Amino acid sequence: MFGRSRTTNEELAEQAVTATRAGAKNRPTPKRRDQEAARRQPLVVTDRKAARSTDRARRREAMVKQRHAMLTGDETHLPPRDKGPVKRYIRDYVDARWGVAEFMLPVMLIVLALSFVRQPWAMLVVFALVYGLITAAAIDTFLMWRRVKKKIEAKHGEAAVSRGDGFYAAMRAFQMRRTRMPRPLVERGDYPS
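Residues numbered from 1 in each chain as written. Predicted model: local features only at pLDDT ≥ 70, side-chain atom pairs only at ≥ 80, totals over all residues. Heavy atoms only, no water.

Can you walk me through the packing of aromatic side chains in this structure?
Two aromatic rings are characterised by how far apart their centres lie and by the angle between their planes. A complete count under the given rule lists 3 aromatic pairs for this structure. Measuring from ring centre to ring centre gives 5.1 Å for Tyr93 and Tyr191, while their planes differ by 50°; the resulting arrangement is tilted. A residue pair is termed long-range when its members are at least 10 positions apart, and Tyr93 in helix 4 (residues 85–96) and Tyr191 in the segment after helix 7 (165–173) qualify at 98 residues. Relative accessible area serves as the criterion here: at 5%, Tyr93 is assigned to the buried category. On the basis of relative accessible area, Tyr191 is assigned to the partly exposed category, the value being 41%. Between Phe127 and Tyr131, the aromatic rings sit 4.8 Å apart at their centres with planes inclined by 55°, giving tilted as the arrangement. Of this pair, Phe127 and Tyr131 both sit in helix 6 (residues 120–156), 4 residues apart, which is roughly one turn of that helix. Look at Phe127 and you get exposed, because its relative accessible area is 51%. The ring of Tyr168 is capped by Lys87, whose NZ or CZ atom sits 4.5 Å from the centre of that ring. Over the face of the ring belonging to Trp98 we find Arg188, whose NZ or CZ atom lies 3.8 Å from the ring centre. (Phe/Tyr/Trp six-rings, centres within 6.5 Å; stacked < 30°, edge-to-face > 60°. Helix = DSSP H or I, 4+ residues; strand = E, 2+ residues; numbered from the N terminus. Buried < 20%, exposed > 50% of the residue type's maximum accessible area, 1.4 Å probe, protein only. Lys NZ or Arg CZ within 6 Å of the ring centre and 35° of its normal.)

Just checking my understanding: could you explain the nonpolar core for this structure?
One broad rule of soluble globular proteins: the nonpolar side chains tend to lie buried together. Core analysis: the biggest nonpolar cluster contains 13 residues, and Ile90, Val94, Met144, Trp145, Val148, Ile152 and Ala169 have the highest contact counts within it. Of all the secondary-structure elements, those providing two or more residues to this core are helix 4, helix 6 and helix 7. In this structure, Val94 is in contact with Met144, Ala169, Arg172, Ala173 and Arg180, ignoring residues within four places of it in sequence. The next biggest cluster of nonpolar side chains, apart from the first, holds 9 residues, and it includes Ala101, Met104, Val107 and Ala137. (Core = buried A, V, L, I, M, F, W, Y, C linked by side-chain atoms within 4.5 Å. Contact = heavy atoms within 4.5 Å.)

What is the right way to read a positive patch on the surface from this model?
Judged by side-chain charge, Arg48, Lys49, Arg52, Arg56 and Arg60 come together as a positively charged surface patch. Mapped onto the elements of the fold, Arg48 is located in helix 3 (residues 48–72). (Patch = residues over 30% accessible without salt bridge, like charges linked within 9 Å, V, L, I, M, F, W, Y side chains within 5 Å. Areas by Shrake-Rupley, 256 points an atom, 1.4 Å probe, with all protein chains shown as cover. Salt bridge = Lys/Arg side-chain N within 4 Å of Asp/Glu carboxyl O. Lys, Arg positive; Asp, Glu negative; His and termini not counted. Charge placed at Lys NZ, Arg CZ, Asp CG, Glu CD.)

Help me out: how do you make sense of the side chain of Asp82 in this one?
Mapped onto the elements of the fold, Asp82 is located in the loop between helix 3 and helix 4. A polar contact of 2.7 Å, which involves the side chain of Asp82, links it to the side chain of Tyr168. Contacts of Asp82, omitting those with residues within four sequence positions, involve Met70, Glu75, Lys87, Arg91, Tyr168 and Pro182. (Polar contact = N/O pair within 3.5 Å; in protein donor to acceptor, adjacent residues only side chain to side chain.)

I would appreciate a short explanation of the confidence of the model for the protein chain in the present structure.
Where the model shows low pLDDT, its predicted coordinates should not be examined in detail. Summary statistics for the protein chain give a mean pLDDT of 88 and a share of 92% for residues scoring 70 or more. Mean pLDDT values over the elements of the protein chain span from 68, in helix 1 (residues 8–17), up to 95, in helix 7. (pLDDT = per-residue confidence, 0-100.)

What is the right way to look at the packing of helix 4 against helix 7 in this model?
For any two helices packed against each other, the geometry comes down to the angle between their axes and how far apart the axes lie. The contact between helix 4 and helix 7 brings their axes to 10 Å, and the two run at 35°. Seen from above, helix 4 lies across helix 7 with right-handed handedness. Touching Val86, Lys87, Ile90, Arg91, Val94 and Asp95 of helix 4 are Asp165, Tyr168, Ala169, Arg172 and Ala173, all from helix 7. Residues belonging to the contact of helix 4 with helix 7 are distributed by class as follows: 6 nonpolar, no polar and 5 charged. (Axes fitted to C-alpha atoms, helices over the stretch in contact; angles between N-to-C directions. Left-handed = near helix turned anticlockwise from the far one by under 90°. Nonpolar A, V, L, I, M, F, W, Y, C, P; charged D, E, K, R; others polar.)

Where do I start with the pattern of salt bridges in this structure?
Oppositely charged side chains may form a pair once their charged atoms are brought near each other. Across all of its chains, the model carries 14 salt bridges by this definition. Residue Arg188 pairs with Glu102 through a salt bridge whose shortest N-O separation is 2.8 Å. Linking Arg188 in the segment after helix 7 with Glu102 in the loop between helix 4 and helix 5 (104–115), this pair joins segments that are 86 residues apart in sequence. Overall, Arg188 belongs to the partly exposed group, its relative accessible area being 25%. Counted as one network, the salt bridges with shared partners bring together Asp95, Glu102, Arg172, Arg180 and Arg188.

See the structure below:
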């Protein structure tokens, strides 16, 4: 502090005396205040337009990665609701089976067309199709979840099954196979082990 300042020749001479060692950092540890000053950023950015554009670009990049992960099944960029080995097992099991629930949308289109026919037999068919299909799909999905839950508990342990996994399996089962996201990675009948 009160000493004289070093000259460039003295600094070079000191560096020449200390030999560089392999595996060592070979430089002095930086001062804490210098490191903190280098990391310091304002809480509110002064150039809001630039901040907005960088934020938008960052979000767009994250969405592109997430979309690609939804198409390919890449676990690293999937949204949190789809991540993990248990969710992967549920997806693979639901995608490997034929379910009643996945045919609800096409059948509902037929029901919609029949509802325009104002005949008693058409109304009876509409009633039977709607309530019969809903009941069959609910029973099939419930039995499917019980089987999946037993297999998950056997493979990953009882603690692996969380509260929303049944709803996750049911929502995936009620979607048509072509519209499921993340995309199905297994063929029909190719159940996970």
